Amino acid sequence: MLIAVVLVLIVAGSVAFHLYSPWWWTPIASNWDYIDNTLVITFWITGAVFAAVVLFTAYCVWKFRHRPGHKAEFDPENKRLEWWLTAVTAVGVAAMLVPGLFVWKQFVTVPANASELEVFGQQWNWAYRLPGADGVLGTADAEWVSGENPLGVNPHDRFGKDDLIIEGGEVYLPVDQPVKLLLRSIDVLHNFYVPEFRAKMDMVPGMVTYIWFTPTRTGNFEALCAEYCGTAHPFMRGFVTVVEAAEYQEWLQEQLTFEDYARTASEPATRLAER
Amino acid sequence: MTDILPEHDSNLPPREVADVMPPHAHSWIGKYVFSQDAKYIAIQYSGTAAAIGLVALVLSWLMRLQLGFPGLFDFITPEAYYQFVTMHGMIMVIYLLTAIFLGGFGNYLIPLMVGARDMVFPFVNMLSYWIYLLAVLVLVASFFVPGGPTGAGWTLSPPQAVLSGTPGGAQSGIILMLVSLILFIIGFTMGGLNYAVTVLQARTRGMTMMRLPLTVWGIFTATVMALLAFPALFVACVMMLFDRLLGTSFFMPTLVELGEKLSYGGGSPIAFQHLFWFFGHPEVYIVALPAFGIVSDLIAVHARKNVFGYRMMVWAIVIIGALSFIVWAHHMYVSGMHPWFGFFFATTTLIIAIPTAIKVYNWILTLWKGDIHLTLPMLFALGFIVTFVNGGLTGLFLGNVVVDVPLSDTMFVVAHFHMVMGVAPIMVIFGAIYHWYPKITGRMLNEAMGQIHFWVTFIGAYAVFFPMHYVGLVGVPRRYFEIGEPAFLTAPVDGLNAFISSAALIVGAVQVLFLFNIFWSLRHGLAAGGNPWRATSLEWQTPETPPRHGNWGDDLPNVYRWAYDYSVPGAPKDYVAQNDPWVPDSGGRRL
Amino acid sequence: MTVILAFLVLVALAAGLWLSQQRLASKPWLETGIAPLAGHGPGRAPGFIFIAVFLAVAGGLFAMLGSAFVMQIDETPWELVPLPGRVWLNTALLLLASLFMQFVVISARAGTTRWLRASLIAASIATLAFLAGQAQVWIALTSGGYPLDGPPAASFFYLITGLHGLHVLGGIIALAAICLRHAGGGDVKALLPGVRLCALYWHGLLAFWLMLFALLQGWGNAFLALCRAAVT
Ligand code: HEM
Ligand SMILES: [Cu+2]
Ligand SMILES: [Cu+2]
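Residues numbered from 1 in each chain as written. Chains lettered and ligands numbered in written order. Predicted model: local features only at pLDDT ≥ 70, side-chain atom pairs only at ≥ 80, totals over all residues. Heavy atoms only, no water.

A. Expanded view of the domain arrangement of chain A. Residue and element names in this part refer to chain A. The assigned domain composition of chain A is domain 1 (2-66 + 77-108) and domain 2 (115-274). Here the C-alpha centroids of domain 1 and domain 2 sit 40 Å apart. The interface of domain 1 with domain 2 comprises 13 residues on the first partner and 15 residues on the second. For the pair domain 1 and domain 2, the summed buried area comes to about 1,200 Å², and 52% of that belongs to carbon and sulfur atoms. Applying the counting criterion to the domain 1 and domain 2 interface returns one salt bridge. One salt bridge connects D36 with R198, and the closest N-O pair in it is separated by 2.8 Å. Between domain 1 and domain 2 we count 13 residue pairs in polar contact (both at pLDDT 80 or more) in total. Elements that contribute at least two residues to the side of domain 1 that touches domain 2 include exactly helix 2 (33-63) and helix 3 (79-108). With three residues, the single largest contributor to the side of domain 1 that touches domain 2 is helix 3. Of the residues assigned to the side of domain 1 that touches domain 2, the class counts are eight nonpolar, four polar and one charged. (Domains from an automatic or database assignment. Contact = heavy atoms within 4.5 Å. Buried area = accessible area lost by both parts, 1.4 Å probe. Salt bridge = Lys/Arg side-chain N within 4 Å of Asp/Glu carboxyl O. Polar contact = N/O pair within 3.5 Å; in protein donor to acceptor, adjacent residues only side chain to side chain. Helix = DSSP H or I, 4+ residues; strand = E, 2+ residues; numbered from the N terminus. Nonpolar A, V, L, I, M, F, W, Y, C, P; charged D, E, K, R; others polar.)

B. Summary view of the sheet that holds strand 6 (residues 190-193) of chain A. All names here are of chain A. Read from one edge of the open sheet, five strands run 4-10-9-6-7, paired in mixed fashion. For this open sheet the edge positions go to strand 4 (170-174) and strand 7 (200-203), each flanked by a neighbour on one side alone. Across the sheet, the axes of successive neighbouring strands diverge by a mean angle of 25°, strand direction being ignored. Strands in contact with helix 4 (residues 245-253) are strand 4 and strand 10 (238-243); relative to strand 4, the strand with the most contacts, it is inclined by about 140°. (Pairing = 2+ DSSP bridges. Axes fitted to C-alpha atoms, helices over the stretch in contact; angles between N-to-C directions.)

C. Spatial organisation of a nonpolar patch on the surface. Together, W28(B), I29(B), Y32(B) and F34(B) make up an exposed nonpolar region whose accessible area comes to about 450 Å². Tracing the backbone through its elements, the reader meets F34(B) in the loop between helix 1 (28-32) and helix 2 (38-68). (Patch = residues over 30% accessible without salt bridge, like charges linked within 9 Å, V, L, I, M, F, W, Y side chains within 5 Å. Areas by Shrake-Rupley, 256 points an atom, 1.4 Å probe, with all protein chains shown as cover.)

D. Fine view of the coordination of the iron atom of ligand 1. All names here are of chain B. At the metal site, the iron atom of ligand 1 is ligated by H88 (NE2) and H418 (NE2), and these contacts range over 1.9 to 2.0 Å. If you look at the iron atom of ligand 1, its six donor atoms make angles of 87 to 180° with each other, and the shape they trace is octahedral. Placement of H88 in helix 3 (residues 78-114) and of H418 in helix 12 (residues 411-441) is noted, with a sequence separation of 330 residues between them. Taken as a pair, H88 and H418 share a single burial class, namely buried. (Donors = N, O, S within 2.8 Å, 3.2 Å for Na, K, Ca; no water. Tetrahedral: all angles 85-135°; square planar, octahedral: opposite > 155°, others 65-115°. Buried < 20%, exposed > 50% of the residue type's maximum accessible area, 1.4 Å probe, protein only.)

E. A look at the coordination of the copper ion (ligand 3). Residues and elements named next belong to chain B. At 1.6 to 2.0 Å from the copper ion (ligand 3) lie its protein donor atoms, namely H281 (ND1), H330 (NE2) and H331 (NE2). Coordination of the copper ion (ligand 3) draws on donor residues from a single chain, spaced H-x48-H-H in sequence. Within this pair, whereas H281 is found in helix 7 (residues 269-302), its partner H330 is found in the loop between helix 8 (310-323) and helix 9 (341-367), the two being separated by 49 residues in sequence. Overall, H281 belongs to the buried group, its relative accessible area being 6%. A relative accessible area of 12% places H330 in the buried class.

F. View of the site of ligand 1. Residues and elements named next belong to chain B. Lining the immediate surroundings of ligand 1 are 23 residues, of which Y81, H88, W154, H418 and R479 lie closest. Between ligand 1 and H88, the relevant distance is 2.8 Å, taken from a nitrogen atom to a side-chain nitrogen or oxygen of the residue. The separation between an oxygen atom of ligand 1 and a polar main-chain atom of W154 is 2.7 Å. Mapped by element, the contributors of at least two residues to the shell around ligand 1 are helix 2, helix 3 and helix 12. Sort the elements by how many residues they give to the shell around ligand 1 and helix 3 lands first, with seven residues. Residue classes in the shell around ligand 1 are distributed as 14 nonpolar, six polar and three charged. (Near = heavy atom within 4 Å.)

G. Local environment of the UniProt feature "transmembrane region" (unreviewed entry) in chain A. Residues and elements named next belong to chain A. UniProt's entry tags residues 40-62 and 83-104 with the feature "transmembrane region" (unreviewed entry), counted in the numbering of this structure. Secondary structure over residues 40-62 splits into 100% helix and 0% strand, and the C-alpha atoms at its two ends are 33 Å apart. Taken as a whole, residues 83-104 contains 100% helix and 0% strand, while its terminal C-alpha atoms sit 31 Å from one another. (UniProt positions renumbered as here; feature names shortened; annotations may be inferred.)

H. Region of interest: the interface of chain B and chain C. With 65 residues of chain B at the contact, the number on the chain C side is 49 residues. With both sides pooled, the region where chain B packs onto chain C buries about 5,100 Å², and carbon together with sulfur makes up 75% of that total. On the surface where chain B and chain C come into contact, there are zero salt bridges. Here chain B is connected to chain C by six residue pairs in polar contact (both at pLDDT 80 or more). Among the secondary structure elements, those contributing two or more residues to the side of chain B that touches chain C are helix 5 (173-201), helix 6 (214-245), helix 7, helix 8 and strand 5 (589-590) of chain B. If one sorts the elements of the side of chain B that touches chain C by residue count, helix 6 of chain B sits on top with eleven residues. Per-class residue counts for the side of chain B that touches chain C are 41 nonpolar, 16 polar and eight charged.

I. Molecular detail of the sheet that holds strand 8 (residues 209-213) of chain A. Taking strand neighbours across the sheet as the criterion, the six strands line up as 8-5-1-2-3-11 (chain A) in an open arrangement whose pairing is mixed. Every interior strand has two partners, whereas the edge strands, strand 8 and strand 11 (256-257) of chain A, have only one.

This is the structure in structure tokens:
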């Protein structure tokens, strides 16, 4: 009989842990509260099913435990019951899937007014690139990578000349402005993940992937690499600082364009001095 | 060459399948080393799988030591940690679970349950084991080569798997891993052809497909799936081996590694992921379906009740098997593949939940109005239901593409798949061993040790993996050597991790008791008799226990009924064996 | 993944056909007595099923390779290897080998030793010539600027033909083993079960080769592009 009691305790304990433990996701800082909502719906539905199934099992185990003289019923099937259960399950599944698909539609549809920011991953640090004054990111490829050109910006592309190159792992974003992250890697898979923003996507060498979101509050957020990329994977961290528009403009002024960067790269001392 | 045995009773309809006596071994080596008896091969498979599984268990301890008590153990460097993770994952999934369910239980149970004397091609079956052993040895060898085993993660995704930033990537670790997998697949294919053809072509007289125990349905469907899914892994491994050794660029685009441009170019890393998961997802069900089948039988026997909704159970197995080939990309929602695939794969993935749920309902409805004996197999079956339902439900989070976005590649995923394909199938393996050990050895396993084993394993494993979901929810990614104290943690996870690690150590330790029980009971277990659980299926009706070479005496059994005639009204006993010609008074439909 | 999915649809159809004969909708708890097994006509020897299932597995392997090829070639700008004309000749040789194998079966069934021997030799020569021809193509490509470690399309050609060749080689070894085992005995009919399986295997490998050949020519991608254009 112990097992019936333990099953009940497992349900009670799991629910209590869920409700009272301090471990919960970090407060959101982007527009993806839809994702959080879908997650919460899913928690409720699945939690209810888990409790129902396990408690029912516990009840059966207790009620129909073997006693002398007790005999099981011969009960091969019950078509109606099975179809009902199937239908109810299908409804529950649909209740989770349908909102999920709607949110996914938004997730992959970048709004037209989103600004662009390229996130660049390599073993094991982050860099960033912003379109310069012309508003267009130049093309780039691992082909062009060199000491003066760590991000592999295409030197023959005129759009690339004024792109801002940001090394050091930290980048600024203006609050309440949708941003499309273009994700690029030149060695292995990485994944740019800021838990507060919820969105994440692998960066794959040889292609450019993307995500988009709107930062909704200012602050300094840590970025992790969420796709295994070799020994130093857990130490590949960066920072995203979300600031008001004015402060953002100030920060922009301090960044080097690709042209300047290439020029100063040959004289590392100057570059350091400029920082 | 083959000797076909004569018919004894001439009143019966003619046999569809000839009664072929498998060749007898005469030498000691032929009997105990290169045995062609499926039952012996089953033991060899299970023993080898358990041995290498212990390695994986020890590796999980080492990982948990690092995660629970970071900084305390100097010898666990990041390199070592990733090697542990990789080898642990790969061994558990392929070399332990796949091998033990198909090579172990498949070999032992299929011929007995379908009423055959052996597998159809005993020689090929024997080769299968030896190639498997070779694969395991190659895998073990990789621990001893310079650079150690590969640390690429069990998903082996290129380019990192073959580059120097990953342990073993530029040395021989990854090469041995790939070679070992290729060998495993070749060996498995030999065995798998046998399991499938035996079910198709060696069922005894009267054993229609709809009379098979669900164990056979589960193993059979899983085998067919494995035969179709493993080629994908095979192709992926061969191509990656070429990339690593011969300089091809199947999966390698233009790369700059640590400032240096490599000679690769033109390949696609995502192609590898498609190939890998085209195998990888069916693999989940290759492990799960045999467990589904076996647990159905455990519940029926120990609740003295027919499996509820047998037909639905069979259909569900077949439907799950088929659907699981069109859901693979749910592992790739954030891989950078075309986002529109998300709609398709989320839908197919959540549809699979429906037949899976039906199976769960039917297990519980089998308990309903049963006569539940809380034997060890039944306890483990109940443990399976709890952990499987838990893991299955978290699968609905990860399958629902947008919910997966924040959760993918976090410890939530690790917790999910351990529940659903780690703990749950292992519960079934334990239950099955307690259930069939008496048939294999003629003795019962010790009950007291078994009780301790069950309670510690069940409660311990739940304590390990339930809280782990929340470690993932707060944002700790998987494959993290250490997380540190980033600001997004709403509460520090150190204490929780230490708790999980302690529980994992205890769960691991109690497995030693289980192993001891296996050996101890060989000598000291209670004598079991031929059918201690009063079960109906054919393996319990053999003339000798343990069954001899050839399984049946002079005559193959004839099958008169399905495998679940428990507590039939009017029957003389509370079970009617499949080879028992008893007919109910009420008639029913006679054939 | 279109190729492998198309292949799986075929497998699913075959499986579905077989399942439809297994009375899946019957209520087994209502039936007592010895029920007849379904699908056990003569000629369904276990060996036959074994080879058929093995061909399904090998088919899966080649379909998977085909999928990888199509996926890759679509992703990187189309850059196919121009196949030398020799490949056409090889295809014809494999076709002949398959035909001769069928003759072997026919003459083994009829019990005519002379025909059997002749067709066996012809089949072996055609098969070996196919392999030699494929090797020659490799040499031609390697020296013609398409080495193994060149562009992926070239690597694919070597990989696909190599794995296919290995399967053919395995078939020849099995055939030789069967013939050697029965070399002493005069009874030709004893060969029949063995060579029947070989013939089936040869036909299977021929079918796979034709599919792969079409893919390597780029017809698969062209066809898919056509479909895509039709859809959008
Ligand atoms: C007491 C039992 C077990 C414990 C304590 C345990 C613990 C762990 C830990 C700590 C990780 C690494 C998490 C990370 O850093 O990403 C891991 C990974 C993994 N485990 Fe287990 N595990 C256990 C049993 C199993 C079983 C039975 C399976 C069989 C399915 C399994 C399959 C895996 C897989 C596939 C991985 C992923 C490896 C990778 O990320 O490449 N584990 N396990
Ligand atoms: Cu990383
Ligand atoms: Cu999956």
